[in-house]
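# Understanding the architecture of this molecule
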Amino acid sequence: MKFYRNLYVGDTIKKPNKIKRKLKKYAKLPNIYVIAYMQENKRLEIYHSLMMQQWYYKEHQPYIIGIATTQEEAMEIIQQIAEEALCKTGQADLISYLFKGNRNQQT
């Protein structure tokens, strides 16, 4: 599993590095949602972390852009990304904003 270098973290997340470590090990995290970029769909999607337990996601590892404790918080993070993209580029093209230049570094 790959993580966005400037990972977006919800306000209610207490220990993001611990959560990242657990997600990489496919541990069960019932109160975590991830904002993921899936190459096949070419868009951001919100998944409950338990979805990452499925075989498909072990073979097709998502690129995690953000983590949150609720689906609403995850939507707020996507809204924040859209606002940043609009302010900096004048367009609401989230994928281009996130992956152009040196912003696409991963950990």
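See above for the structure.
### Some remarks on the pattern of salt bridges
Per the stated rule, a full pass over the model turns up 1 salt bridge. Between arginine 43 and glutamate 45 there is a salt bridge; the shortest N-O distance is 2.9 Å. When its relative accessible area of 49% is taken as the criterion, arginine 43 is described as partly exposed.

### Focus on the environment of lysine 25
Turning to its location among the elements, lysine 25 is positioned in the loop between α1 (16–24) and β2 (33–38). Classification of lysine 25 by relative accessible area gives exposed; the value is 64%. On a C-alpha basis, the gap between lysine 25 and methionine 38 in space is 19 Å, while along the polypeptide they are 13 residues apart.

### Some words on helix α3 (residues 71–89)
For the α-helix, the turn length of 3.6 residues means that residues three or four positions removed from each other point alike. The first and last C-alpha atoms of α3 sit 27 Å apart over 19 residues, in line with the 27 Å expected at 1.5 Å per residue. Taken together, the buried positions of α3 are Glu73, Ala74, Ile77, Ile78, Ile81 and Ala85. The buried residues of α3 occupy an angular sector of 150 degrees when projected down its axis, which confines them to one face. Away from the buried face of α3 by more than 90 degrees, exposed residues Glu76 and Cys87 are located. A positive phi of about 80 degrees marks glycine 90, the residue just after α3.

### A look at a positive patch on the surface
Together, Lys15, Lys18, Arg21, Lys22 and Lys25 give the surface a local cluster of positive charge. The residue arginine 21 is located in helix α1 in this model. Residue class for arginine 21 comes out partly exposed when judged on its relative accessible area of 47%.

### Some remarks on unusual backbone geometry
At tyrosine 26, a residue that is not glycine, the phi angle is positive and equals roughly 60 degrees. Among the secondary structure elements, tyrosine 26 is positioned in the loop between α1 and β2. The phi torsion at lysine 42 lies on the positive side, around 55 degrees, for a residue other than glycine. With respect to the helices and strands, lysine 42 occurs in the loop between β2 and β3 (43–48). Lysine 42 gets classed as exposed once you look at its relative accessible area, which sits at 51%.

Criteria and thresholds
- Note that residues are indexed from 1 along each chain, following the sequence as it is written.
- For this predicted model, a pLDDT threshold of at least 70 governs which residues receive local features, and a threshold of 80 or more governs which side-chain atom pairs are given and counted, while totals over whole chains, interfaces and linings are taken from all residues.
- The basis for every side-chain value is the complete set of non-hydrogen atoms in the structure, without hydrogens or water.
- Any Lys or Arg side-chain nitrogen found within 4 Å of a carboxyl oxygen on Asp or Glu counts as a salt bridge.
- Under the scheme applied here, a residue whose accessible area is under 20% of the maximum for its type counts as buried, over 50% as exposed, and between as partly exposed, the area being computed with a 1.4 Å probe on protein chains only.
- In this text, helices come from DSSP runs of H or I with a minimum length of four residues, and strands from runs of E with a minimum of two, each type numbered from the N-terminal end.
- A helix is expected to span 1.5 Å multiplied by its residue count minus one.
- In this description, one arc is meant: the one made by directions from the helix axis to the C-beta atoms.
- Patch rule: a residue counts if its relative accessible area is over 30% and it has no salt bridge; like charges are joined within 9 Å, and nonpolar side chains (Val, Leu, Ile, Met, Phe, Trp, Tyr) within 5 Å.
- The accessible surface values rely on the Shrake-Rupley method and a 1.4 Å probe; as for residues, cover is taken only from the protein chains in view.
- The positive count covers Lys and Arg only, the negative count covers Asp and Glu only, and His and the chain ends enter neither.
- For the purpose of locating charges, the reference atoms are NZ of Lys, CZ of Arg, CG of Asp and CD of Glu.

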